[in-house]
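What follows is each chain in one-letter form.
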Amino acid sequence: MESIKLDISKAAQFLNPGAVEAYAPHVAAAQEALEKATCPGNDFLGWLHLPSSITPEFLGQIQTVADTLREKCEVVVVAGIGGSYLGARAVIEALGNSFAWLVNDKKNPTILFAGNNIGEDYLAELTAYLKGKKFGVINISKSGTTTETALAFRLLKKQCEDQLGKEAAREVIVAITDEHKGAARAAATKEGYKTFIIPDNVGGRFSVLTPVGLLPIAVAGFDVKKLVEGAQQMEKETANDVPFASNIAARYAAVRQGLYSQAGKKIEIVANFQPKLHFFAEWWKQLYGESEGKDHKGIFPAACDFTTDLHSMGQWIQQGERSIFETVISVEQPDAKLLFPHDDENLDGLNFLEGKRVDEVNKMAELGTRLAHVDGGVPNIRISVPALNEYYLGQLIYFFEKACGISGLVQEVNPFNQPGVEAYKKNMFALLNKPGYEAESKAIQERLTKEK
Ligand code: PA5
């Protein structure tokens, strides 16, 4: 099997000669700190050797529960937010049919997502869609107390029980949560749901290779064994004893740091030329945003879908403020083969493309974009992926995780916490008069009165 490849040549040219290599000692120190667990956030390093610790027995347990849901449900709703949501969606959307919700193939249940927003219309429309359908729920929350997820789960649980009866509902509701703590654990124990544990030492955004990602991906009909094999391969290829010159996680971390601190590139745009990768970029945004954005530091992670966004953000990227660099995820071989047909009249003038694959045009769009953006002062990192399948997605996931851990440490932040996420929650709970927030409620009301 091949591996994903990294090309940083068109980014390194924006730095002084040797600048990337000069980061090798910093990167090595970060790698060692991860390995020896001497870094900040060292109680959240369970992801580091997670792929190689996954056993066939464990994957068998995931598959058994997935098969039950696949057999009993036409729709499965995955409730979760942030790290308890994005990884599963990234893989499912990357591998699935782009029109999955329209193509009822009967083989696979439709996978829907909830608990990742508080949109009343969204939830009302979801519950309306589920009316009369055989649906199951995977409730995912490490803390077990996240408001968005808990709200959605309360609605879904009631609807599932109303439609199926409590006994049958119990067979199609699965909880993935902390081993002991939290409301999701308490509910699962009381109701007797099947459960999986999110390990204590794996933070949300690093949890896609735990049941958080694996169960929904298996329910959707994808091969989690291959996904894990890909991640295992990348764990080896990015291990500390792999020299800097060929360690793609180390090099990606180094070039990002150079662009950020030496070339003033504060924004990284992850771009794809395959719409199926939209949610993969959403997952990446969360991984890097929550890991690096703290202590008033951090590269801002953005994402674009090309060529779509070349007709919106393309202008800004080409000629706007020169504070960006691009990381393009390029898929070498699409799954399908679609050729441009001949047209006798050639009214659209496209006969020069006759017989060519659509992907050939896409690849020229990619190359043309790369040349234009580099000419316009945008450093370009290219990650090429042989094909969109479970194996290479597993590689990509682990590659980005490893590079993220290294990057955060090189930037001298704790990549494994997210204290900033609490600020909005505290205000929301105070505004909603949540029991236990009486003092905050009083203070916030006084502030709002003053600001009127
Ligand atoms: O990466 C993280 O830790 C967060 O994004 C969490 O995954 C997110 O806030 C959801 O938390 P929980 O799983 O506790 O509901």
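The name that an unreviewed UniProt entry assigns to the chain is Glucose-6-phosphate isomerase, with the source organism given as Prevotella multiformis DSM 16608. Taken from UniProt, the Subcellular location (unreviewed entry) comment for the chain reads in full: "Cytoplasm".

S.K.: Residues and numbers for the nonpolar core, please.
M.R.: Core analysis: the largest hydrophobic core is formed by 118 residues, its most contacted members being Leu215, Phe280, Trp283, Phe399 and Phe400. Looking at this core, the element that brings in the most residues is helix 17 (residues 390–410), giving 13 residues. Domain assignment of the residues forming this core places at least three in each of domain 1 (5–40 + 228–410) and domain 2 (50–225). Those residues in contact with Trp283 that lie beyond four places of it in its chain are Leu86, Gly87, Ala90, Arg205, Val208, Ile397, Phe400 and Glu401. Grouped together as the second largest cluster of nonpolar side chains are 10 residues, Ile269, Ala302, Ile317 and Ile324 included.

S.K.: An account of the packing of helix 5 (residues 56–72) against helix 11 (residues 211–219) is needed here, citing residue identities and associated values.
M.R.: Put simply, helix 5 and helix 11 touch, their axes get as near as 8 Å, and they point 45 degrees apart. By the angle class used here, helix 5 and helix 11 are oblique. Along this stretch, helix 5 crosses helix 11, giving a crossing that reads as right-handed. Where helix 5 abuts helix 11, its residues Phe58, Leu59, Ile62, Gln63, Val65, Ala66, Leu69 and Arg70 lie against Pro211, Leu214, Leu215, Ala218 and Val219. Grouping the amino acids of the contact of helix 5 with helix 11 by side-chain chemistry returns 11 nonpolar, 1 polar and 1 charged.

S.K.: Explain the pattern of salt bridges to me, and be specific about the residues and the numbers.
M.R.: Side-chain pairs of opposite charge can arise where the charged atoms are in close proximity. In total, this model carries 25 salt bridges according to the counting rule given. A salt bridge links Lys166 to Glu191, with the shortest nitrogen-to-oxygen separation between them at 3.2 Å. Pair noted here: Lys166 is in helix 9 (residues 166–171) and Glu191 is in helix 10 (residues 183–191), with a separation of 25 residues, a long-range link. Given the relative accessible area of 39%, Lys166 is considered partly exposed. Judged by its relative accessible area of 9%, Glu191 falls in the buried class.

S.K.: Which residues make up the packing of aromatic side chains, and what are the values?
M.R.: The tally for this structure, following the rule as stated, stands at 17 aromatic pairs. The interplanar angle of 65 degrees and the centroid separation of 5.6 Å between the aromatic rings of Tyr85 and Phe113 together place this pair among those described as edge-to-face. One end of the pair, Tyr85, is in the loop between strand 2 (75–79) and helix 6 (86–95); the other, Phe113, is in strand 3 (residues 110–114), with 28 residues separating them in the sequence. Assigned by exposure class, Tyr85 and Phe113 land together as buried. On the numbers, 5.4 Å between centres and 70 degrees between planes, the contact of Phe273 with Phe306 is edge-to-face. Of this pair, Phe273 sits in the loop between strand 7 (267–272) and helix 14 (278–292) while Phe306 sits in the loop between strand 8 (300–305) and helix 15 (314–319), and the two are 33 residues apart along the sequence. Exposure remark for Phe306: the relative accessible area of 3% places this residue in the buried category. The structure contains a cluster of three or more aromatic residues connected by ring pairs, namely Tyr252, Phe280, Trp283, Trp284, Tyr288, Phe399 and Phe400. Its end group placed over the ring of Tyr129, Lys133 keeps NZ or CZ at 4.1 Å from the ring centre.

Rules used throughout
- Residues numbered from 1 in each chain as written.
- Predicted model: local features only at pLDDT ≥ 70, side-chain atom pairs only at ≥ 80, totals over all residues.
- Heavy atoms only, no water.
- UniProt positions renumbered as here; feature names shortened; annotations may be inferred.
- Core = buried A, V, L, I, M, F, W, Y, C linked by side-chain atoms within 4.5 Å.
- Buried < 20%, exposed > 50% of the residue type's maximum accessible area, 1.4 Å probe, protein only.
- Helix = DSSP H or I, 4+ residues; strand = E, 2+ residues; numbered from the N terminus.
- Domains from an automatic or database assignment.
- Contact = heavy atoms within 4.5 Å.
- Axes fitted to C-alpha atoms, helices over the stretch in contact; angles between N-to-C directions.
- Parallel < 35°, antiparallel > 145°, perpendicular 65-115°, else oblique.
- Left-handed = near helix turned anticlockwise from the far one by under 90°.
- Nonpolar A, V, L, I, M, F, W, Y, C, P; charged D, E, K, R; others polar.
- Salt bridge = Lys/Arg side-chain N within 4 Å of Asp/Glu carboxyl O.
- Phe/Tyr/Trp six-rings, centres within 6.5 Å; stacked < 30°, edge-to-face > 60°.
- Lys NZ or Arg CZ within 6 Å of the ring centre and 35° of its normal.

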